[in-house]
Amino acid sequence: YVVMWSGVPQLFLLPLMPFLIKRVDPRLLVAGGLILFAVSCFINVDMSPQTGMDQLILPQILRAAGQPLATIPLTQLSVVGLTRRDTADSAGITSVMRNLGASIGIAMLSTVVQIREQVHFSVIAEALSQNSLRLQERLQSLGAMFASRGADSGTATLQSASLLASQVR
């Protein structure tokens, strides 16, 4: 539902881009697109697990509107002044660099998320001690739930600890 909204601005903007590029300085279009990207990011600053889907629609629309405004003029500016023969090479190099940058960015972000998950898991796990009354109550209630579903005492204890670990993670 939320991702669907990213197609709406592009549906209207993409056909208008040739007219906009002819009438507006491409550098202004790029700046406008990047500003829309930035605004959408700042709207998401306070995002939490309690963020509702309806709160994600506006940032998604802004980001989707900023994408063609930023990328299409940039692509055009990258081939300005080149000969017809060099234009194809330039477009190919631009495409390769864009894909390479995206791959590196995704890999870096995945690494950061994985490292931060381990850090936060460790901090929360340190706070959960065997002597914690709340932890013991939680494990007992989970164990009782698993036991009511037919698990023996040892299996219920292992399943309780496993479920608690996945909840913390």
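Going along each chain's sequence as written, the residues are numbered from 1 onward. Where totals are concerned, whole chains, interfaces and linings use all residues; where local detail is concerned, this predicted model gives features only for residues with pLDDT of at least 70, and gives and counts side-chain atom pairs only at 80 or more. Hydrogens and water are ignored here; the side-chain numbers use all heavy atoms of the structure.

Moving on, we come to the overall build of the protein. Starting at the N terminus, helices and strands are each numbered in turn, a helix being any DSSP run of H or I of at least four residues and a strand any DSSP run of E of at least two. When you go through the protein residue by residue, the secondary structure sums to six helices and zero strands. Secondary structure elements in the protein, listed N-terminal to C-terminal, are α-α-α-α-α-α. Its C-alpha atoms give the protein a radius of gyration of 25 Å, clearly above 15 Å, the size a compact globule of 169 residues would have. With respect to the principal axes defined by its C-alpha atoms, the protein has extents near 75 × 35 × 30 Å. Counting every position in the protein, which comprises 169 residues, the buried fraction comes to 19%. Counting contacts in the protein only where the partners sit at least 6 residues apart, residues at least 24 apart contribute 62% of the total. About 12200 Å² of surface is accessible on the protein, with carbon and sulfur atoms providing 66% of the total. Separation of charge centres in the protein, based on 12 positive and 9 negative side chains, amounts to 10 Å. Computation of the radius of gyration draws on C-alpha atoms alone. For the globule rule, the value is 2.2 Å times the number of residues to the power 0.38. Relative accessibility decides the category of a residue: with a 1.4 Å probe and only protein chains considered, values under 20% of the type maximum give buried, values over 50% give exposed, and everything between is partly exposed. Two residues form a contact once any of their heavy atoms are found within 4.5 Å. Note on areas: Shrake-Rupley with a 1.4 Å probe; residue coverage comes only from the protein chains shown. Think of it this way: Lys and Arg go in the positive column, Asp and Glu in the negative one, and His and the chain ends go nowhere. A charged residue contributes its charge at one atom only: NZ of Lys, CZ of Arg, CG of Asp or CD of Glu.

Below, the discussion takes up the nonpolar core. A general feature of soluble globular proteins is that nonpolar side chains tend to end up buried together. Here, nonpolar core means buried Ala, Val, Leu, Ile, Met, Phe, Trp, Tyr and Cys residues that are tied together by side-chain atoms lying within 4.5 Å of each other. Core analysis: the biggest nonpolar cluster contains six residues, these being Leu13, Met17, Ile21, Leu29, Ala65 and Leu69. Contributing elements (two or more residues each) for this core: helix H1 (7-23) and helix H3 (54-77). Excluding anything up to four places from it in sequence, Leu69 contacts Leu13, Met17, Leu20, Leu29, Val30, Gly33 and Leu36.

Our next topic: the layout of surface pockets. For cavity detection a 1 Å grid was placed over the protein atoms alone, and a set of points counts as a cavity when a 1.4 Å probe fits there but cannot get out; an open set counts as a pocket when protein lies on both sides within 12 Å along at least five of seven lines, with lining residues being those that have an atom within 4 Å of a point. Grid points are joined across faces, edges and corners, and a volume is the space filled by probe spheres set on the points. There is about 360 Å³ of room inside the largest pocket. In terms of lining residues, the largest pocket is bounded by 19 residues, among which Leu135, Leu139, Ser160, Ala161 and Leu164 are the most central. If you list the elements that add at least two residues to the lining of the largest pocket, you get helix H4 (84-127), helix H5 (133-148) and helix H6 (153-168).

Moving on, we get to the environment of Ser129. Structurally, Ser129 is set in the loop between H4 and H5. Classification of Ser129 as partly exposed rests on a relative accessible area of 34%. Taking the C-alpha atoms as reference points, Ser129 and Ser153, separated by 24 residues in sequence, lie 21 Å from one another.

Let's shift gears to the packing of helix H2 (residues 26-43) against H3. Any two packed helices are characterised by how steeply their axes cross, that is the angle between the axes, and by the distance between the axes. What counts as an axis is a line fitted to C-alpha atoms, over the stretch in contact for a helix, and the angles between N-to-C directions run from 0 to 180 degrees. Relative to each other, H2 and H3 sit at 150°, their axes nearing to 7 Å. As far as their axial angle goes, H3 and H2 are roughly antiparallel. The interaxial crossing formed by H2 with H3 has left-handed handedness. A breakdown of the residues in the contact of H2 with H3 according to their chemical character gives 17 nonpolar, five polar and two charged. Put simply, angles under 35 degrees are roughly parallel, angles over 145 are roughly antiparallel, angles from 65 to 115 are roughly perpendicular, and the rest are oblique. Each crossing is labelled by how the near helix is turned from the far one, with a counterclockwise turn of less than a right angle marking it left-handed and a clockwise turn marking it right-handed. Classification convention: Asp, Glu, Lys, Arg as charged; Ala, Val, Leu, Ile, Met, Phe, Trp, Tyr, Cys, Pro as nonpolar; all other residues, Gly among them, as polar.

Turning our attention to the packing of H5 against H6. Two numbers describe how H5 lies on H6: the axes approach to 8 Å, and their chain directions differ by 120°. With respect to each other, H5 and H6 are oriented oblique. Relative to H6, H5 is oriented so that their crossing is right-handed. Across the interface between the two elements, Leu135, Arg138, Leu139, Leu142, Gly143, Met145, Phe146 and Ala147 of H5 pack against Ala156, Gln159, Ser160, Ala161, Leu163, Leu164 and Gln167 of H6.

Another point: H6. One fewer than the residue count of a helix, multiplied by 1.5 Å, yields its expected span. An ideal rise of 1.5 Å per residue puts 22 Å on 16 residues; H6 measures up with 23 Å between its terminal C-alpha atoms. Those residues of H6 lying buried are Ala156, Ser160 and Leu164. The arc that holds the buried residues of H6, viewed along the axis, is 70°, so those residues lie on one side. The inward-facing, buried residues of H6 abut H5. Pairs of N or O atoms are called polar contacts if they sit within 3.5 Å, as long as, within protein, a hydrogen donor faces a hydrogen acceptor (for residues adjacent in sequence, only side-chain-to-side-chain pairs). Sitting at the head of H6, Asp152 places a side-chain oxygen 3.0 Å from the backbone nitrogen of Gly154. To be clear, the arc concerns the directions from the helix axis to the C-beta atoms.

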